Amino acid sequence: MPKRKDLNSILLIGSGPIVIGQACEFDYAGSQSLRSLREDGIETILINSNPATIMTDPTMADHVYLKPLTTKSIVEILKAHPQIDAVLPTMGGQTALNLCIEADKKGIWEDFGVELIGVDIDAINITEDREQFRELMLKIGIGMAPQATATSFLKGKEIAQEFGFPLVIRASYTLGGAGASIVYKPEDFDEQLSYGLEISPIHEVMIDKALMGWKEYELELLRDKNDNVVIICTIENMDPMGIHTGDSITVAPAMTLSDRTFQKMRDMAIKMMRSIGDFEGGCNVQFAVSPDEKEDIIAIEINPRVSRSSALASKATGYPIAKIATKLAIGYSLDELDNQITKSTSALFEPTLDYVIVKIPRWNFDKFEGSDRTLGLQMKSVGEVMGIGRSFQEALHKATQSLEIKRNGLGADGKGYKDYNIIISKLTIPSWDRVFVIYDAIQIGIPLSRIHEITKIDMWFLKQYEELYTLEKEISKYTILTLSKELLLEAKQKGFVDRQIAHMLDCYESEVYNKRTELKINRVYKLVDTCAAEFKAMTPYYYSTFEEEIEKPDGTRYVENDSIVSDKKKIVVLGSGPNRIGQGIEFDYCCVHGVLAAAECGYETIMINCNPETVSTDFDTADKLYFEPVFWEHIYDIIRHEKPEGVIVQLGGQTALKLAEKLSKYGIKIIGTSFESLDLAEDRGSFSKLLQENDIPFPQFGVAETADEALALSDELDFPLLVRPSYVLGGQGMKIVINKEELEEHVVDLLRKIPNNKLLLDHYLDGAIEAEADAICDGEDVYIIGIMEHIEPCGIHSGDSNATLPPFNLGEFVMQQIKDHTKKIALALNTVGLINIQFAIKDDVVYIIEANPRASRTVPFIAKAYKEPYVNYATKVMLGEKKVKDFNFNPQLEGFAIKQPVFSFNKFPNVNKNLGPEMKSTGESILFIDSLKDDEFYNLYARRKMYLSK
């Protein structure tokens, strides 16, 4: 029975600004869901307040409302669209579910005759209310850890007395483990209990007996109206219970689970999904398994919506969970739908993997001075990477290479810890870099049994690590001339990059590269095809690996490569890697638009990225997707294989930009602004000379490479000084200092963290107004797409400021200077594509803070506010297909749009929340106001100086 005929118009609720615990995986799910509904001719209405996402693009839904996620907004939309038949809340994370429940309690859905699809309220209530969930599980015979509910402080104390320690406290109706903690000692219990009760919207906590050291698994399920259930993916957490799954290293398929236990777990998951309610859609179930031969299984929780893990599972298997879940919600059954990958079999199947995926979270603790860096039940990571390989070792290496934390993988880069005490302490208290520290522990001779005893990580994973170290030791006995082909091939198959092998052999990376080319040890590309190559896959979604040569009967030797190179003109777009503070989803938005624009110009588009949460890594965004680390060796091999016309680097944030120098050095064409211009803008000395030649004012500055130079400079420049390193994003390491002691301390600290960096010291314009402009330039003409004025004063990072479009109190004289400076700088830098320039305004003089000839954080915001596809235009300019004068610019905005930053400080309660030149926000929302008399604007303006920290 095909889709329901009575659903013609559907409201989708998005997830709002990005916070820790709810990131762009819901942008990916929502975008897929909207496309899925439109394929079936259904009218789509979207509410979401996040301007940085693809999901809120005007092309994604028939009606996009960039409004605050409140029931007031819901009522406004339902009044404007009385034709809405149903609401789909499962694509917008916990935010959408909570809003849906609130609207239900207020009777809004009933008043407007709107049906809930994809989930039912009872299912949400049962899964969120821990007491109800527990009772239901006991009724259907599913084991759970001893637990009880407390709705008061006194009740909580009684439960603790009964269970004994360690205990787990979990707050009801929260996201990303907010309010959850493991309590080992009675003296810490009162504070954690109070916090959990306070943070839960219904002031309820569940107290569990802690299952420390048990293994943790997640299953992703889909169910249709005929009660067909498929298990899309089984994910094993390498980290045992006690670390939030969003902060755990996870592996698919499950590696250390016996088949008997897996079958039992499957049956339990299906039983749980069927018991919580009668709905069609996706579900995520989490289990704990005892680490002994008995393999007892205990249910942890079930989420009746797409989750962070569904995005991971979709990318891991190639099975688009959100898309299929949407089809099921509108009445299709699984057997009626096509398998999206093979196009020839049905969606009623369970993917089989002939490869391994490893996900590693990406943290940003350096942004939160004084934060508690230990990992526990509250999620703290801001993003994640995924590596795909033929073995766990290869996938693990690729994931560590994708993190962009200046590591080349596990070991063999001279950056590991050698101190026994530091290593033991990092293993004992789970730390963000434990994935590397395990290798260091093996390297200094700590036995696997001891590592297992401390970490409770399964012995199988530890043995995999040990094999890698054994191979490193073996290779280190040779030189580049004596190393055999067999050993080199083994190292490549286990994921070691040339740079690591060069470290083992004490030679140059290029020598390793030349040797493996000579020995024909080349990367081959394999399809991610959901069915282990049993059926022919139609989707061009690839990962790389190394294989032994196969000999044909006639004696010729070859290596099988699934990636066939076409004779079309090709463009490579470099993605932005894992989300982090300072480089988030807005660059993914830019990359996706860049890919679509290049396709419109007739190019075959190739996307390289390693972030499983994003739309850019959806299997049908680009003509070809290489799910690979945005890491030089991997990129260079793809470029040699595909031979594109050129590479677009200015859309992928600092990640892609950092590779521009290498690309240029290797003679690979950079599309748009050249490396020389990009470098000129980053090099403070050359850039200031350019400003001087063009009579453009800038704050007095100097460049220092040592603390002595910095102190000497401070005599010339006058305090306060703004100190910052070169080539960083999100204001990393920036600080305002007001005397020589502070200056010396900060410079010494910076040079320790970022050795050999040129530090820039600017005289800080105290009390100045900050503004920024984004523009498109084709080398001849410049079109300014938007000028924004920051509500906060100069000195707070632009990503943390409330920015108004257009400016609200810059006079005509100042505006003219901004326009003149922007045009002059864009042309002087030979910009081809996008440029962002930041200004400080003092006494009606406009000074230049910096210029970035690339896509910036604010481009999606301006595009949404003015309803113009600026990235599309800029990409066509970069490709030389169009000139600026070919576009008919027609921005539309009544009143003002305000970009409002959103912070995740609740994850770090003891951190200094003052704002300064280093960015701390994790996301943003957009607010439209008709006039400056609006109360919200008045409140923002009144608070503008509150946060400034020196």
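What comes next concerns the included structure. Not measured: the values here are computed from a predicted model.

Brief notes about the overall build of the protein
What the protein contains, in helices and strands, is 31 helices and 35 strands. In terms of overall size, the protein behaves like a compact globule, its C-alpha atoms giving a radius of gyration of 28 Å where 950 residues would be expected to give roughly 30 Å. Seen through its C-alpha atoms, the protein measures out along the principal axes to roughly 80 × 75 × 60 Å. Here the protein, with 950 residues, has 65% of them falling under the buried criterion. Long-range contacts, defined as pairs at least 24 residues apart, comprise 70% of the intrachain contacts of the protein with a sequence gap of at least 6. Summing over all exposed atoms, the protein offers an accessible surface of approximately 34400 Å²; the carbon and sulfur share of this is 49%. For the protein, the distance from the average position of its 103 positive side-chain charges to the average position of its 142 negative side-chain charges is 2 Å.

Quick notes on the sheet that holds strand E21 (residues 570-574)
By way of backbone hydrogen bonds, the strands of a sheet pair with one another, either parallel or antiparallel. With mixed pairing, 6 strands are arranged side by side in an open sheet as E17-E18-E23-E22-E21-E24. At either margin of the open sheet sits one strand with a lone partner, and together these are strand E17 (524-527) and strand E24 (646-648). Strand-to-strand twist of the sheet, defined as the mean angle between neighbouring strand axes without regard to direction, takes the value 30°. Here 3 bridges tie E21 to E24, and the two strands are oriented parallel to one another. Across the sheet, residue Val 572 finds its bridge partner in E24, namely Val 647.

Considering unusual backbone geometry
Along the chain, Ala 252 connects to Pro 253 via a cis peptide bond; the corresponding omega equals -10°. Of note, Pro 253 is situated in the loop between strand E12 (250-252) and helix H9 (259-276). Of the consecutive residues Phe 719 and Pro 720, the connecting peptide bond is found in the cis state with omega at -5°. By the secondary structure assignment, Pro 720 is in the loop between helix H26 (707-717) and strand E26 (721-725). One non-glycine residue with positive phi stands out, namely Lys 406, at about 65°. Topologically, Lys 406 is positioned in the loop between helix H12 (392-402) and helix H13 (420-428). Judged by relative accessible area, Lys 406 falls into the exposed class, the value being 56%. Phi at Lys 867 takes a positive value of approximately 55°, unusual for a residue other than glycine. Counting through the fold element by element, Lys 867 comes out in the loop between helix H29 (859-866) and helix H30 (870-878).

Focus on the packing of H12 against helix H16 (residues 459-475)
Running from amino to carboxyl end, H12 crosses H16 at an angle of 80°, the nearest separation of the two axes being 10 Å. As far as their axial angle goes, H16 and H12 are roughly perpendicular. Counted together, Phe 392, Gln 393, Leu 396 and His 397 of H12 and Trp 460, Phe 461, Gln 464, Tyr 465, Glu 467 and Leu 468 of H16 form the full contact between these two elements. Considering only residue class, the contact of H12 with H16 consists of 6 nonpolar, 3 polar and 1 charged.

Let's talk about the pattern of salt bridges
Pairing between side chains becomes possible if they bear opposite charge and their charged atoms approach one another. Within this structure, the stated rule accounts for 47 salt bridges. Ionic pairing is found between Arg 35 and Asp 620, a salt bridge with its closest N-O pair at 2.9 Å. Of the two residues, Arg 35 sits in helix H1 (residues 25-39) while Asp 620 sits in the loop between strand E22 (604-609) and strand E23 (624-627), which places them 585 residues apart along the sequence. By relative accessible area, Arg 35 is classed as partly exposed at 32%. Asp 620 gets classed as partly exposed once you look at its relative accessible area, which sits at 32%.

Looking at the nonpolar core
Membership of the largest hydrophobic core comes to 174 residues, with the highest contact counts inside it found for Tyr 319, Leu 574, Val 649 and Tyr 870. When sequence neighbours within four positions are dropped, the list of residues in contact with Val 649 reads Leu 574, Ala 656, Leu 657, Ala 660, Leu 663, Ile 670 and Leu 678. Counting residues in each nonpolar core, the second largest holds 54 residues, with Ile 84, Ile 140, Leu 257 and Phe 279 among its members.

Here's the deal with the packing of aromatic side chains
All told, the structure shown has 24 aromatic pairs when counted by the stated rule. Ring centres of Trp 632 and Tyr 636 lie 5.1 Å apart, and the angle between their planes is 15°; this geometry places the pair in the stacked category. Linking Trp 632 with Tyr 636, this pair stays in helix H21 (residues 632-642), spanning 4 residues, or about one helical turn. Residue classification places Tyr 636 among the buried positions, given a relative accessible area of 16%. Arranged with centres 5.0 Å apart and planes meeting at 45°, the rings of Trp 632 and Tyr 666 form a pair that is tilted.

Some remarks on the side chain of Glu 789
Along the chain, the position of Glu 789 falls in strand E30 (residues 782-793). Overall, the relative accessible area of 2% leaves Glu 789 in the buried class. From its side chain, Glu 789 meets the backbone nitrogen of Phe 808 in a polar contact 2.9 Å long. Sequence-distant contacts of Glu 789, defined by excluding residues within four places in its chain, comprise Ile 769, Glu 770, Ala 771, Asn 802, Ala 803, Thr 804, Pro 807, Phe 808, Asn 809 and Leu 810.

Structural notes on the sheet that holds strand E14 (residues 297-303)
Pairing is antiparallel across the open sheet formed by 7 strands, whose spatial order is E14-E13-E10-E11-E12-E15-E16. The sheet is open, and its two edges are formed by E14 and strand E16 (383-389), each paired on a single side. The sheet shows a mean angle of 25° between the axes of neighbouring strands, direction not considered. Examined bridge by bridge, strand E11 (residues 229-237) and E12 share 2 bridges and lie antiparallel to one another. Along E12, the bridge assignment pairs Asn 237 with Thr 250.

A word on the environment of Tyr 184
Tracing the backbone shows Tyr 184 in the loop between strand E8 (181-183) and helix H8 (186-199). Separated by 20 residues in sequence, Tyr 184 and Gly 164 have C-alpha atoms that sit 9.4 Å apart. Look past the residues within four positions of Tyr 184 in its chain and what remains in contact with it is Phe 165, Pro 166 and Met 212.

Section: H30
Most of H30 is tucked away, with 9 of its 9 residues classed as buried. In this fold, the buried residues of H30 make contact with helix H20 (585-600), E24, strand E29 (769-777), E30, strand E32 (833-842) and H29. Where H30 terminates, the next one or two residues include Gly 880, which has phi positive at roughly 75°.

Procedures and definitions
- Residues numbered from 1 in each chain as written.
- Predicted model: local features only at pLDDT ≥ 70, side-chain atom pairs only at ≥ 80, totals over all residues.
- Heavy atoms only, no water.
- Helix = DSSP H or I, 4+ residues; strand = E, 2+ residues; numbered from the N terminus.
- Rg over C-alpha atoms; globule rule 2.2 N^0.38 Å.
- Buried < 20%, exposed > 50% of the residue type's maximum accessible area, 1.4 Å probe, protein only.
- Contact = heavy atoms within 4.5 Å.
- Areas by Shrake-Rupley, 256 points an atom, 1.4 Å probe, with all protein chains shown as cover.
- Lys, Arg positive; Asp, Glu negative; His and termini not counted.
- Charge placed at Lys NZ, Arg CZ, Asp CG, Glu CD.
- Pairing = 2+ DSSP bridges.
- Axes fitted to C-alpha atoms, helices over the stretch in contact; angles between N-to-C directions.
- Parallel < 35°, antiparallel > 145°, perpendicular 65-115°, else oblique.
- Nonpolar A, V, L, I, M, F, W, Y, C, P; charged D, E, K, R; others polar.
- Salt bridge = Lys/Arg side-chain N within 4 Å of Asp/Glu carboxyl O.
- Core = buried A, V, L, I, M, F, W, Y, C linked by side-chain atoms within 4.5 Å.
- Phe/Tyr/Trp six-rings, centres within 6.5 Å; stacked < 30°, edge-to-face > 60°.
- Polar contact = N/O pair within 3.5 Å; in protein donor to acceptor, adjacent residues only side chain to side chain.

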